[in-house]
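Residue-level structural notes
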Amino acid sequence: RAMVNRLNEAFVETVRSSGGYNEDRYLLLAGYSGSSKPEAFLDVKVPPGDKLMVSIHDYTPYEFTSEEDGTDAFDQGDVQFQEEMKEKTQLLQKKFISQGIPVVLTEFGCKDKDNQKARLEWTKAYTEIMKDAGIPCFWWDEGSDSRLFDRKTGEPEQKELIEILCSR
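Residues numbered from 1 in each chain as written. Predicted model: local features only at pLDDT ≥ 70, side-chain atom pairs only at ≥ 80, totals over all residues. Heavy atoms only, no water.

Quick look at helix α1 (residues 2-16)
For an α-helix, the turn length of 3.6 residues means that residues three or four places apart are oriented alike. Over its 15 residues, α1 runs 21 Å from end to end, which matches the ideal 21 Å to within 8%, given 1.5 Å per residue. Buried residues of α1: Asn 5, Asn 8, Val 12, Val 15 and Arg 16, and no others. Viewed end-on, α1 has its buried residues packed into an arc of 100 degrees, placing them on one side of the element. Turned more than 90 degrees from where α1 packs its buried face, Leu 7 and Thr 14 sit exposed. In this fold, the buried residues of α1 make contact with β1 (27-35) and β2 (52-57). (Helix = DSSP H or I, 4+ residues; strand = E, 2+ residues; numbered from the N terminus. Expected span 1.5 Å × (residues − 1). Buried < 20%, exposed > 50% of the residue type's maximum accessible area, 1.4 Å probe, protein only. Arc of directions from axis to C-beta. Contact = heavy atoms within 4.5 Å.)

Following this line, the structure appears as structure tokens:
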């Protein structure tokens, strides 16, 4: 984590000193592996300067969103999910957002486990929590089991999910 912080500092210094519009460009910094685990993102040290943002990746709850043999069911009223999301967003607010450092969720989503209703419910609940926290979200369309679009035609495959994402 310390090495990633040093790399972020070198990145900011390099871009800012390279001329052109780079002095005023927004720069996106990631902690170790882009992790949304508090023990990882709380260690992120944002170098001095303006127009710096923090990027995280999040797949909460992992058993539903990503684990191959995990559950295909989701209940937005699940106390553990609600508590984990509340703690995470409060810590992100305190560590970064309240200090004027935007947070961007540059990777989130859930695998298609032939569970469309649960995926829609999770996407609505998840994006609402992040919207309330002021954190924009970008779906990770890896072209396989989390894809939203057909890579060859560009046609949407998950219209209902796309509608939810575009409404947030």
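Continuing now.
Observations concerning the environment of Gly 100
Assignment of secondary structure puts Gly 100 in the loop between α4 (79-95) and β3 (103-108). Relative accessible area serves as the criterion here: at 61%, Gly 100 is assigned to the exposed category. Taking C-alpha positions, Gly 100 is 9.2 Å from Lys 51, a pair spaced 49 residues apart along the chain.

Examining the nonpolar core
In terms of nonpolar packing, the biggest core is built from 29 residues, with Phe 81, Phe 96, Trp 122 and Tyr 126 touching the most fellow members. Where this core is concerned, the elements lending two or more residues are β2, α4, β3, α5 (116-133) and α6 (159-166). Dropping the residues within four chain positions of it, Phe 96 is found in contact with Phe 41, Val 44, Val 46, Val 54, Ile 101 and Val 103. In this structure, Val 12, Val 15, Leu 27 and Leu 29 belong to the second largest nonpolar core, which totals five residues. (Core = buried A, V, L, I, M, F, W, Y, C linked by side-chain atoms within 4.5 Å.)

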